[in-house]
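# Secondary and tertiary structure notes
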Amino acid sequence: STDLTSTVGYDSIIQHLNDGRKNCKEFEDFLKERAIIEEKYGKELINLSKKKPCGQTELKNSLFRNIYIYINIEFIFSAEIDNVGQGHIQLAQTLREEAKKMEDFREKQKLHRKKIELIMEAIHKNRNLQYKKTMEVEQMCCCFLPLLSVTPLLHLPYLSCFWQLFLKLAQTKSALEDTDRSYQQSVTTMEKIREEWQNEHIKACEFFETQECERINYFRNALWLHVNQLSLGCVQNDEKYEEIRKSLEMCSIEKDVDFFVNLRKTGSLAPAPVVYENYYNAQRNVTPARSPAPVPISR
């Protein structure tokens, strides 16, 4: 702006920096809240694996082909689910650490920026005061100009009045010269303050630009790291689930059924067929025909 006392450009820069700092604070709060969610989910997942373990009833029924394989599958399933929960808890801790780093970075930038802002505020205040003083002296100079005109003095009827007014004019010119010197000094001082303000303003803008580049770079890297951490968590979880899948590949449906039958079988013969016997026949005491021999059961 061409206005010497305007701070529109400076205020726009400060507002932009405040918006960037607010953005960092919002991401910091996001990491903290995400950490709470991850920790809660991890703990509940661990509790679930302990309260509802899969396969305990299966051990009694022995549907797997041998106890060793069953215990291996049940143990791997519970252990890996527990590991998944532990992974989420670890992720929560990592997110808290990243949030603390973001907070430290934000506060560090705030502290450094505050020093520059205090310098600029002092310069703006000094500049505005000197500008106001200069404008007041300039106004005084302008007020003396009508008094310097000698045209009204030529129409005075009395010589004594003329000399009185002439003397007053001389005094006015002397006061004007003093005021003009004060005005020159004020303008000189104002120019020095303007140069000082301009130099400090350039330094401040360069500092703010450097700080903004650092903030954007740090914020971008923080986001990049965050999504990498989430991706890594997914990969690690899939590796744990793969261990469960590998253990399940050891299960054979036919062999597990055979194992159960051999373990819980009650015999190899079916009950004999039920036949009719007439108790009212005269020859009832004759030894009745025996039932056919039971047929062995085969699978």
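Please refer to the structure placed before this passage.
Let us look at the structure shown here. Keep in mind it's a predicted model, so treat the numbers as computed, not measured.

## Points about the overall build of the protein
Helix and strand counts for the protein stand at five helices and zero strands. Each helix and strand of the protein, placed in order from N terminus to C terminus, yields the pattern α-α-α-α-α. A total of 299 residues make up the protein; the buried ones form 25% of that total. Summarising the internal contacts of the protein: among those between residues at least 6 apart in sequence, 88% fall at separations of at least 24. Surface summary for the protein: the accessible area is close to 21,400 Å², and the carbon and sulfur share equals 58%.

## Remarks on the packing of aromatic side chains
Under the counting rule described, the total for this entry stands at five aromatic pairs. Put simply, the rings of Tyr10, Phe207 and Phe208 touch in pairs and so form one group of aromatic residues. One residue, Arg127, lies across the ring of Trp197, its end atom 4.9 Å from the ring centre.

## What about the side chain of Asn237?
Along the polypeptide, Asn237 turns up in helix H4 (residues 159-248). Here Asn237 falls in the buried class, since its relative accessible area comes to 13%. Among all residues touching Asn237, those that are not within four sequence positions of it are Val84 and His88.

## Digging into the environment of Ile13
Within the secondary structure, Ile13 sits in helix H1 (residues 8-51). The partly exposed category is assigned to Ile13, whose relative accessible area is 28%. With residues up to four places along the chain from it excluded, the contact list for Ile13 reads Cys205 and Phe208.

## Focus on the nonpolar core
With eleven residues, the main nonpolar core is built from Cys24, Phe27, Leu31, Ala35, Leu91, Ala92, Leu95, Ala99, Met102, Phe219 and Ala222. When residues of this core are traced back to their parent elements, those giving at least two are H1, helix H3 (67-144) and H4. The element that contributes the greatest number of residues to this core is H3, accounting for five residues. If sequence neighbours within four positions are ignored, Leu31 has contacts with Leu95, Glu98, Ala99 and His226. By size, the runner-up hydrophobic cluster in this structure holds eight residues, among which are Ile14, Met120, Ile123 and Ala204.

## Considering the pattern of salt bridges
Counted according to the given criterion, the structure contains 17 salt bridges. When the shortest N-O distance is used, the salt bridge between Asp104 and Lys100 registers 2.8 Å. Pair noted here: Asp104 and Lys100 are both in helix H3, with a separation of four residues, about one helical turn. On the basis of relative accessible area, Asp104 is assigned to the partly exposed category, the value being 39%.

## With respect to the environment of Gln109
The topology assignment puts Gln109 in helix H3. The spatial distance from the C-alpha of Gln109 to the C-alpha of Arg21 is 8.8 Å, given a sequence separation of 88 residues. In contact with Gln109, not counting residues within four places along its chain, are Gln211, Glu214 and Arg215.

What counts and what doesn't
- Residues numbered from 1 in each chain as written.
- Predicted model: local features only at pLDDT ≥ 70, side-chain atom pairs only at ≥ 80, totals over all residues.
- Heavy atoms only, no water.
- Helix = DSSP H or I, 4+ residues; strand = E, 2+ residues; numbered from the N terminus.
- Buried < 20%, exposed > 50% of the residue type's maximum accessible area, 1.4 Å probe, protein only.
- Contact = heavy atoms within 4.5 Å.
- Areas by Shrake-Rupley, 256 points an atom, 1.4 Å probe, with all protein chains shown as cover.
- Phe/Tyr/Trp six-rings, centres within 6.5 Å; stacked < 30°, edge-to-face > 60°.
- Lys NZ or Arg CZ within 6 Å of the ring centre and 35° of its normal.
- Core = buried A, V, L, I, M, F, W, Y, C linked by side-chain atoms within 4.5 Å.
- Salt bridge = Lys/Arg side-chain N within 4 Å of Asp/Glu carboxyl O.

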